[in-house]
Amino acid sequence: MDRLREPVTATAMATERLELLPFQVEFADEMAVVLGDQALHTFIGGAPLTPPELRERFGRLVTGSPDPAVSWCNWVLRIREEGRLAGTVQATIAPGGDGLEAEIAWVVGVPWQGRGLATEAARALVDRLGEQGVRTVVAHIHPDHPASTAVATACGLVPTDRMHDGEVRWQRTVR
């Protein structure tokens, strides 16, 4: 299995409406409000984290993976016009069977859902991953989650017949 020669890193990105900013622990308090609605956990389980718990989690994520072959890349979504954080996108990048593989995920706070922000951010993420040499992009989506299904479809991912923890594996070959 190939090892990453240089880790893929999260650098700032911009889309039409969003700034995608690499995680910083300082974002945790605002993100605790963004992610604080229990409705976000309908398909992923668990409960919203408190600000101290989220600061701890962000600290671990910012530090990076203990495995040098794996890169953790995490961004917050800032709506440029509002100057407010509204969600996250993330990618875990590791050697796969056909080159670098990235597992991606996205979440947008309830007040900002339905505006296409997740699609806009996820498309930017997939494009960036392709530029950084990622060959395969995957996402795991609950079969009853139409919003995430729509985001994955808009990013060119297609469902496979593989399941993981009750979620369908979606996949796209980027390059």
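See the structure above.
Residues numbered from 1 in each chain as written. Predicted model: local features only at pLDDT ≥ 70, side-chain atom pairs only at ≥ 80, totals over all residues. Heavy atoms only, no water.

> Tell me about the pairing of strand β4 (residues 84–96), and name the residues and values.
Here strand β3 (residues 71–79) runs beside β4; their pairing, made up of nine bridges, is antiparallel. Along β4, the bridge assignment pairs Ile79 with Arg84. The antiparallel pairing of β3 with β4 creates a hairpin that spans four residues between the two strands, and Gly83 there sits at a positive phi of about 65°. The turn linking β4 back onto strand β5 (residues 99–108) is made up of two residues. (Pairing = 2+ DSSP bridges. Helix = DSSP H or I, 4+ residues; strand = E, 2+ residues; numbered from the N terminus.)

> Could you give an account of the pattern of salt bridges, naming the residues involved and the relevant values?
Side chains bearing opposite charge may pair, as long as their charged atoms lie close to each other. Under the counting rule described, the total for this entry stands at eight salt bridges. A salt bridge links Arg17 to Glu120, with the shortest nitrogen-to-oxygen separation between them at 2.7 Å. A residue pair is termed long-range when its members are at least 10 positions apart, and Arg17 in the loop between β1 (13–14) and β2 (18–22) and Glu120 in helix α3 (residues 117–131) qualify at 103 residues. The class of Glu120 is buried, set by a relative accessible area of 14%. Taking the shortest distance from any N to any O, the salt bridge between Asp29 and Arg55 comes out at 2.3 Å. With a gap of 26 residues between them, Asp29 in helix α1 (residues 28–34) and Arg55 in helix α2 (residues 51–63) connect regions that are remote in the sequence. (Salt bridge = Lys/Arg side-chain N within 4 Å of Asp/Glu carboxyl O. Buried < 20%, exposed > 50% of the residue type's maximum accessible area, 1.4 Å probe, protein only.)

> Please provide a residue-by-residue account of the packing of aromatic side chains, values included.
As enumerated under the stated definition, the model contains one aromatic pair in all. With centroids separated by 4.1 Å and ring planes inclined at 25°, the aromatic side chains of Phe23 and Phe58 adopt a geometry described as stacked. Placement of Phe23 in the loop between β2 and α1 and of Phe58 in helix α2 is noted, with a sequence separation of 35 residues between them. Comparing Phe23 with Phe58, the two get one shared label, buried. (Phe/Tyr/Trp six-rings, centres within 6.5 Å; stacked < 30°, edge-to-face > 60°.)

Remember that the coordinates give geometry; whether it matters functionally is a separate question.
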